[in-house]
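As a plain string of letters, each chain reads:
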Amino acid sequence: MSRTAENYRGYNFAYLDEQTKRMIRRAILKAIAIPGYQVPFASREMPMPYGWGTGGVQVTAAILGPSDVLKVIDQGADDTTNAVSIRQFFEKTAGVETTTETGKASVIQTRHRIPEAKLQANQVLVYQVPIPEPLRFLEPRETETRTLHALAEYGLMHVRLYEDIAQHGHIAKTYAYPVLVADRYVMDPSPIPKFDNPKMHESAALQLFGAGREKRIYAVPPHTKVVSLDFEDHPFEATKFEQPCALCGAKDSYLDEVITDDRGGRMFVCSDTHHCETRRCEGHLGPLGMPVTEAAE
Amino acid sequence: MNPLLVAEGLSKFYGARIGCRDVRFALEPGEVLAIVGESGSGKTTLLNLLSGQLAPDSGAVRYRLRDGRTKNLLDLSEAERRLLARTDWGFVHQDARNGLRMGVSAGGNIGERLMGVGDRHYGRIRENAMAWLGRVEIDTGRIDDKPTQFSGGMRQRLQIARNLVTHPRLVFMDEPTGGLDVSVQARLLDLIRGLVADLGLAVVLVTHDLAVARLLSHRILVMKDGHVIEAGLTDRVLDDPQEAYTQLLVSSVLAA
Amino acid sequence: MNPVLQVSGLSKAFHLHLHGGTRLPVVEGVDFVVHQGECVVLGGPSGAGKSSILKAIYGNYLASSGAIILDDGEAPVDVVTASPGAIIALRRHMMGYVSQFLRVIPRVPAIEIVAEAARASGFSPDEAGGRAGRLLAHLNLPERLWNLPPATFSGGEQQRVNIARGFAGDHRFLILDEPTASLDAANREAVIALIAERKAVGTAFLGIFHDAEVRERVADRTIDVTRFSPVREIAA
Ligand SMILES: Nc1ncnc2c1ncn2[C@@H]1O[C@H](COP(=O)(O)OP(=O)(O)OP(=O)(O)O)[C@@H](O)[C@H]1O
Ligand SMILES: [Mg+2]
Ligand SMILES: [Zn+2]
């Protein structure tokens, strides 16, 4: 997106008109009232293609106020094309302050990650969701999946996990790992790594999920029980990493594999770039890390 | 007598056409009732009415629940009816594709009902699935294979296992041996006969195959144009049919 | 003591709807009783209606009128008006039937066919298995055949499985429709012995035996069913 601020002149605050925002807010309120339940909404065309987070963008646009501070991450990073363009979009259409600092943001829009820093009560995490229906792969009929949710018939969800164990000896699903919200609705947490699942449980922040193409919004209100599905004899386990972050030495953050040269060199580093930077500023150093003054030139 | 299921004057019309009219009978626990008649005579309509998948225009189906209460199926909530359908009932379809998840392994197919009623122990679910595969004479080594890799006869047997794993008291069968080779049919019938007797299952069996009805059922309802035109003990109806239509049905097959 | 079976005013006619609605009367005014421990034999020429009477008593044919009272010592049941469920219960606990031919059940081994009949009338699986073995042995069925399905057996072998099945239960009333027709002399003897043994413990029999010698030896009384011939509308 290379539009200038001028392109957006004449648009309403945060791009969407107030009518549309009201409609989306109503859907959000309903979603908060029924944790984990997918609320249909009239998804609008946005000046970006589906798959670029139009669901999340619409939710953000509907909740954003002039005094909000916005952070946008994509797979944990603030600096990918996707994150940058969404951030710029709101800078231009809403003029809100943006940040990369997790603690400073009041609204964080994310694709595929939850920040490592514990979220606070005054924060809202907005997820971009490609496929909101956790039962979709097993039951293609929309009428039937709706009934299954309505009646809390979730045996099928475990069939999926059963198949995993039968095939791989363990539950092989590592992202978009299904959860049960508030003991009632089974929910797809969007393609976040299962590593992040425990962070959703009893989070102080409000979590909103927007699926643009599929026209669904759902929510996990603050301090809500979120349990990852599993079997008694194959309990849920968050991914663990054998080595610490190569840059900041963190042992408890989610790591991405990064190729360092064209001879097959690689290293594992925090996927949450802000978290990694913060730690390095605080003086933590990993095996391949350099002091932050040099790294940040 | 304490019937499991009672049909009270069941009628269903499709516009001016009669789906079925004024059907009444009582099914005892452990009893196998065959519904026979030519295609279009209302057999499947009746089956759908009995299993609550279709609402009658008049009449009622009363079912005695496991807790002893007898309820009109229409008075059950959707959730109650579906719970009943996947615990206390079974459905064996002519086309296994309607009764199985073709993309899920044999073990997953059998385990689904167990997981549906809250079993969360993988090892136990698998053990149970193994036992049922053995019981329906499918090599337990095939537990992780998908039904797409199974023969028609195996699919039917898997369908049966998938249904019986929750120990239902009533099983609805719609042409369970239709479309199978004669020798495969014989083996399947034999298996069904054995399971029905061992488990004391009540069965409502829709078939146009009188030999199947004779082998499996205690009692027969003969349907024509949506009406039950003759009913009685299976061997009595087949050996001494009273109605012209039944005599025609019986005489049209070689030694049912 | 009440008779085990009391037939009164029984008539049977067939309506042949597919043949211009012809009414074919077979028997009328059938009256007789069978007591505990006796063997009553129905006699008469072919087509006289002997088998039809047996089948009506067993509930296999629907009587056109009359009463067929079976008394198990507790609650007498009229087969003519009984529900299918009541007839199934009677067949399980009270009356057995040995037909002229075995109706083969595919794939089920001979011994299992017999044992199943024993279980159905209330014997435990172990008892049923033992009983089945003793009966087949008594009827001289070679042991190598016991675990095979009878589909490929000879007529006489099949018939012995059939007889064993009929005697496997603990019925106090047994109906026999020419059970010895396809048997050789030695096996006929075995059946005669079996009947005598059961009569001695009080079992009542109603049967048809074409073989005069067998009939002589097992029958306490013979009833000629031509007595019950309907008055034919058209003289032959
Ligand atoms: N199911 C039936 N439908 C029509 N007619 C029948 C049926 N069963 C018997 N009949 C007729 O009833 C009459 C009596 O037959 P049944 O078999 O009772 O004679 P039977 O005395 O046992 O003769 P047999 O000594 O030859 O066995 C015959 O005319 C027979 O054709
Ligand atoms: Mg005869
Ligand atoms: Zn790091």
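Residues numbered from 1 in each chain as written. Chains lettered and ligands numbered in written order. Predicted model: local features only at pLDDT ≥ 70, side-chain atom pairs only at ≥ 80, totals over all residues. Heavy atoms only, no water.

### Examining the overall build of chain A
Note the cut-off: Secondary structure elements are taken from DSSP: a helix is a run of H or I of four residues or more, a strand is a run of E of two residues or more, and numbering for both begins at the N terminus. For the radius of gyration, the atoms used are the C-alpha atoms, and the globule rule reads 2.2 Å times the number of residues raised to 0.38. For this analysis, residues touch if any pair of their heavy atoms sits within 4.5 Å. Here, Shrake-Rupley sampling with a 1.4 Å probe gives the accessible areas, and only protein chains in the shown set may cover a residue.
Each helix and strand counted, chain A has eight helices and twelve strands in total. In terms of C-alpha radius of gyration, chain A reaches 20 Å, essentially the compact-globule figure of 19 Å for 297 residues. Judged by the C-alpha coordinates and their principal axes, chain A covers about 60 × 55 × 35 Å. Nonlocal contacts in chain A, meaning residues at least 24 apart in sequence, comprise 61% of its contacts between residues at least 6 apart. Of the accessible surface of chain A, which amounts to about 13500 Å², a share of 52% is contributed by carbon and sulfur atoms.

### Considerations on the sheet that holds strand S3 (residues 39-43) of chain C
All names here are of chain C. Here is the rule we go by: Criterion used throughout: strands pair if DSSP finds at least two bridges between them. Each axis is a line fitted through C-alpha atoms, taken for helices only over the stretch in contact, and angles between the N-to-C directions span 0 to 180 degrees.
Read across the open sheet, the five strands follow the order S6-S7-S8-S3-S9; overall the sheet is parallel. The sheet terminates laterally at strand S6 (95-98) and strand S9 (221-224), the two strands that pair on one side only. Across the sheet, the mean angle from the axis of one strand to that of its neighbour is 20°, orientation sign disregarded. When S6 meets strand S7 (residues 173-177), the two strands line up parallel, connected through four bridges. Bridging from a neighbouring strand, Met95 pairs with Phe173 of S7. Packed on one face of the sheet, helix H1 (residues 50-58) meets S3, S6, S7 and strand S8 (204-208) and runs near 150° to S7. Sheet strands in contact with helix H6 (residues 185-200) are S3, S7 and S8, and its direction is about 150° off that of S8.

### A closer look at helix H2 (residues 54-63) of chain A
To be explicit about the condition: Relative accessibility decides the category of a residue: with a 1.4 Å probe and only protein chains considered, values under 20% of the type maximum give buried, values over 50% give exposed, and everything between is partly exposed.
Summarising burial for H2(A): nine of the ten residues are buried, a large majority. Regarding H2(A), the residues found buried are A:Thr54, A:Gly55, A:Gly56, A:Val57, A:Gln58, A:Val59, A:Thr60, A:Ala61 and A:Ala62.

### A few points about the interface of chain C and chain B
Rules: Computed with a 1.4 Å rolling probe, the buried area is the accessible surface lost when two parts are put together, summed over both parts. Throughout this description, the term salt bridge denotes a Lys or Arg side-chain nitrogen within 4 Å of a carboxyl oxygen of Asp or Glu. As used in this structure description, the phrase polar contact means that two N or O atoms lie within 3.5 Å; if the pair is within protein, one of them must be able to donate a hydrogen and the other to accept it, and residues adjacent in sequence are counted only when both atoms belong to side chains. Classes in brief: Ala, Val, Leu, Ile, Met, Phe, Trp, Tyr, Cys and Pro nonpolar; Asp, Glu, Lys and Arg charged; the others, Gly included, polar.
Every contact between the two is made by 20 residues of chain C and, on the other side, 22 residues of chain B. Contact between chain C and chain B buries roughly 1900 Å² in total, counting both sides, with carbon and sulfur atoms accounting for 54%. The tally of links from chain C across to chain B stands at three salt bridges. Here B:Arg193 and C:Glu116 are joined by a salt bridge, their closest N and O atoms 3.2 Å apart. Applying the counting rule to chain C against chain B returns nine residue pairs in polar contact (both at pLDDT 80 or more). The set of elements that each furnish at least two residues to the side of chain C that touches chain B consists of strand S1 (5-16) and helix H2 (84-93) of chain C. Partitioned by chemical class, the residues of the side of chain C that touches chain B number eleven nonpolar, four polar and five charged.

### Concerning the packing of aromatic side chains
The following threshold applies: When the centres of two rings from Phe, Tyr and Trp lie within 6.5 Å, Trp using its six-membered ring, the rings pair. Their planes under 30 degrees apart give stacked, over 60 give edge-to-face, and anything left gives tilted.
Summed over all chains, the structure comprises 18 aromatic pairs over all chains. Taking the centre distance of 6.3 Å and the plane angle of 70° together, the rings of B:Trp89 and B:Phe91 count as edge-to-face. Given a relative accessible area of 0%, B:Trp89 falls into the buried group. For the ring pair C:Phe14 and C:Tyr61, a centre distance of 5.3 Å and an interplane angle of 90° mean the geometry is edge-to-face. You can see C:Phe14 sitting in strand S1 and its partner C:Tyr61 sitting in the loop between H1 and strand S4 (65-70), a full 47 residues away along the chain. A residue is classified by how much of its surface remains accessible, and C:Phe14, at 15% relative accessible area, is buried.

### Notes on the site of ligand 1
The test is simple: A cutoff of 4 Å decides nearness: a residue is near a molecule or strand if any of its heavy atoms lies inside that distance of it.
Inspection of the region around ligand 1 gives 15 residues, with C:Ser46, C:Lys50, C:Ser51, C:Ser52 and C:Tyr61 positioned closest. What surrounds ligand 1 is not a single chain but chains B and C. In this structure, an oxygen atom belonging to ligand 1 sits 3.3 Å away from a main-chain N or O atom of C:Ala48. C:Lys50 has a polar backbone atom sitting 2.8 Å from an oxygen atom of ligand 1. Starting from 630 Å² of accessible surface for ligand 1 in isolation, the protein chains cover 67%. Among the secondary structure elements, those contributing two or more residues to the shell around ligand 1 are S1, strand S2 (22-34) and H1 of chain C.

### Some remarks on the coordination of the zinc ion (ligand 3)
Residue and element names in this part refer to chain A. In plain terms, the rule: Because no water is among the atoms considered, metal sites can look incomplete, with donors defined as N, O and S atoms within 2.8 Å of the metal, or 3.2 Å for Na, K and Ca.
Around the zinc ion (ligand 3), the protein contributes the donor atoms Cys245 (SG), Cys248 (SG), Cys270 (SG) and Cys276 (SG), at 2.2 to 2.3 Å from the metal centre. One chain supplies every donor to the zinc ion (ligand 3), and in sequence these donors are spaced C-x2-C-x21-C-x5-C. Here Cys245 matches Cys248 in class, with each residue buried.

### Considerations on the interface of chain A and chain B
Between chain A and chain B, the contact holds 20 residues from the first and 22 residues from the second. Across the interface of chain A and chain B, roughly 1800 Å² is buried in total on both sides, 58% from carbon and sulfur atoms. The largest per-residue losses of area from chain A upon contact with chain B belong to A:Glu153, A:Tyr162 and A:Glu232, which jointly make up 30% of the total buried on that side. One can count four salt bridges joining chain A with chain B. For B:Arg101, the salt bridge identified is with A:Glu139, shortest N-O distance 3.6 Å. For the pair chain A and chain B, the interface holds eleven residue pairs in polar contact (both at pLDDT 80 or more). Taken together, the elements giving at least two residues each to the side of chain A that touches chain B come down to helix H4 (142-150) and helix H5 (155-168) of chain A. Considering every element that reaches the side of chain A that touches chain B, the biggest residue donor is H5(A), with eight residues.

### Some words on unusual backbone geometry
All names here are of chain A. Positive phi, normally seen in glycine, also occurs at Glu202, with a value near 55°. Among the secondary structure elements, Glu202 is positioned in the loop between helix H6 (197-200) and strand S8 (206-211). Overall, Glu202 belongs to the partly exposed group, its relative accessible area being 39%.

### Side note on the packing of helix H5 (residues 152-164) of chain B against helix H6 (residues 182-199) of chain B
Residues and elements named next belong to chain B. As a reminder of what qualifies: Note on angle classes: values under 35 degrees are labelled roughly parallel, values over 145 roughly antiparallel, values of 65 to 115 roughly perpendicular, and the remainder oblique. Take the far helix as the reference: if the near one is turned anticlockwise from it by less than a right angle, the crossing is left-handed, and if turned clockwise, right-handed.
Between H5 and H6, whose axes approach to 10 Å, the crossing angle comes to 15°. Relative to H6, H5 is oriented roughly parallel. For the element pair H5 and H6, the recorded crossing hand is right-handed. Across the interface between the two elements, Gly153, Gln156, Arg157, Ile160 and Leu164 of H5 pack against Val184, Arg187, Leu188, Leu191, Ile192, Leu195 and Leu199 of H6.

### Describing the confidence of the model for chain C
Our working rule: You can read pLDDT as the predictor saying how much it trusts each residue, on a scale of 0 to 100.
With 97% of its residues at a pLDDT of 70 or more, chain C shows a mean pLDDT of 92. Quick note on the complex model: pTM equals 0.86, ipTM equals 0.91.

### Observations concerning the sheet that holds strand S6 (residues 179-181) of chain A
Each strand in a sheet pairs with its neighbour through backbone hydrogen bonds, running either in the same direction (parallel) or in the opposite one (antiparallel). Residue and element names in this part refer to chain A. Read across the sheet, three strands follow the order S7-S6-S10 without closing on themselves; strand pairing throughout is antiparallel. If you trace the sheet from one side to the other, it starts and ends with strand S7 (185-187) and strand S10 (226-228), each paired once. Strand-to-strand twist across the sheet, computed as the mean angle between neighbouring axes with direction ignored, equals 30°. Across three bridges, S6 lies against S10 in antiparallel orientation. Opposite Leu180, over in S10, you have Val227 as the bridge partner.

### Considerations on the nonpolar core
Counted only if it meets this: Think of a nonpolar core as a cluster: buried Ala, Val, Leu, Ile, Met, Phe, Trp, Tyr and Cys residues, connected wherever their side-chain atoms sit within 4.5 Å.
Among the nonpolar cores identified, the biggest contains 67 residues, and A:Tyr162, A:Phe231, B:Val36, B:Ile110, B:Leu158, B:Ile160 and B:Ile220 are the most heavily contacted of them. With seven residues, the single largest contributor to this core is H5(A). Apart from the residues within four sequence positions on either side, B:Ile160 is in contact with B:Val92, B:Val136, B:Leu188, B:Ile192 and B:Leu195. Residues C:Val41, C:Val98, C:Ala115 and C:Leu139 belong to the second largest nonpolar core, which totals 40 residues.

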